[in-house]
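Topology and contacts: notes
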Amino acid sequence: MRLALAEAARAPEGGDVPVGAVVIGADGTLLGRGHNVREATGDPTGHAEVIALRAAAAAVGEWRLTGATLVVTLEPCTMCAGALVLARVARLVYGATDDKAGAVGSLWDVVRDRRLNHRPEVIGGVAAEECSALLAAFFATRRTDRQPRG
């Protein structure tokens, strides 16, 4: 989670919400990393998880990330939850829950849907306070920046 938090800290450089993700191979090797880049790139799929999954797939030379673990600072949304299922990620570890868009138990539970052909192990709440604090600090500055001046 420390590597994912370090990635998350890089996201605000481009104006993005500080979410970070890393993909770790079954042997413990770092396969991919990413942070949110939607604002920086104008890409709606520029979520930390998607960036990290793409990098990991490039590193192993295929789309199947069998045995890999995705570690992310915030509970994945429906797009990212679907991507990690389709990539055959073995394990998901996440920090803060996302009550507004979470798809790993908060609003939906995409990764545990029995109708899908792959269901990763899920470990939530890892360093949740630290992950939540990073997000809260980011949004606090955004609210301050948008208050009318007078």
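Below or above, wherever it landed, is the structure these notes cover.

Rules used in this analysis
- Residues numbered from 1 in each chain as written.
- Predicted model: local features only at pLDDT ≥ 70, side-chain atom pairs only at ≥ 80, totals over all residues.
- Heavy atoms only, no water.
- Helix = DSSP H or I, 4+ residues; strand = E, 2+ residues; numbered from the N terminus.
- Buried < 20%, exposed > 50% of the residue type's maximum accessible area, 1.4 Å probe, protein only.
- Contact = heavy atoms within 4.5 Å.
- Salt bridge = Lys/Arg side-chain N within 4 Å of Asp/Glu carboxyl O.
- Pairing = 2+ DSSP bridges.
- Expected span 1.5 Å × (residues − 1).

1. So, the side chain of histidine 47
If you trace the backbone, histidine 47 turns up in the loop between helix H2 (38-41) and helix H3 (48-60). You can call histidine 47 buried: its relative accessible area is 15%. Contact partners of histidine 47, with chain neighbours within four places excluded, come to Asn36, Arg38, Cys77, Met79 and Cys80.

2. Some words on the pattern of salt bridges
Tallied over the full model, the rule gives seven salt bridges. The residue glutamate 7 makes a salt bridge to arginine 10 at a minimum N-O spacing of 3.2 Å. Pair noted here: glutamate 7 and arginine 10 are both in helix H1 (residues 2-10), with a separation of three residues, about one helical turn. Among the residues examined, glutamate 7 registers a relative accessible area of 3% and is labelled buried.

3. A word on the pairing of strand E1 (residues 20-24)
Along a regular strand, successive side chains alternate from one face of the sheet to the other. Across the five residues that make up E1, a large majority, four, are buried. Strand direction decides the pairing type here: E1 and strand E2 (residues 30-35), joined by five bridges, are antiparallel. By the bridge assignment, valine 23 is partnered in E2 with glycine 32. Turn length for the E1-E2 hairpin, with the two strands adjacent in sequence and antiparallel, is five residues, and the turn residue glycine 28 shows positive phi of about 90°. As judged from the four bridges shared by E1 and strand E3 (residues 69-74), these two strands associate in the antiparallel manner.

4. Examining helix H4 (residues 78-86)
The complete set of buried residues in H4 reads Cys80, Ala81, Gly82, Leu84 and Val85. If you follow the buried residues of H4, they end up packed against H3, E3 and strand E4 (91-96). Phi for arginine 88, located one or two positions after H4, is positive at around 65°.

5. Thoughts on H3
Think of an α-helix as turning once every 3.6 residues; residues three or four places apart then point the same way. Between its first and last C-alpha, H3 extends 18 Å over 13 residues, near the 18 Å set by a 1.5 Å rise per residue. All of the buried residues in H3 are Ala48, Glu49, Val50, Ala52, Leu53 and Ala56. Buried positions along H3 lie against E1, E2, E3 and H4. Following H3 by one or two positions, glycine 61 has its phi on the positive side, about 85°.

6. So, the environment of threonine 97
Mapped onto the elements, threonine 97 comes out in the loop between E4 and strand E5 (121-123). Here the alpha-carbon distance between threonine 97 and proline 76, two residues 21 residues apart in the chain, equals 8.6 Å. Excluding anything up to four places from it in sequence, threonine 97 contacts Leu74, Glu75 and Ser106.

7. Things to note about the environment of valine 93
The topology assignment puts valine 93 in strand E4. Separated by 33 residues in sequence, valine 93 and valine 126 place their C-alpha atoms 7.1 Å apart. Every residue in contact with valine 93, bar those within four places of it in the chain, is listed here: Met1, Thr69, Leu70, Val71, Val72, Ile123 and Val126.

8. Description of unusual backbone geometry
With a phi angle near 65°, arginine 88 is a residue other than glycine that sits in the positive phi range. Counting through the fold element by element, arginine 88 comes out in the loop between H4 and E4. Here arginine 88 falls in the partly exposed class, since its relative accessible area comes to 23%. At alanine 127, a residue that is not glycine, the phi angle is positive and equals roughly 55°. Its location among the elements puts alanine 127 in the loop between E5 and helix H5 (128-146).

That's the geometry; what it means functionally is another story.
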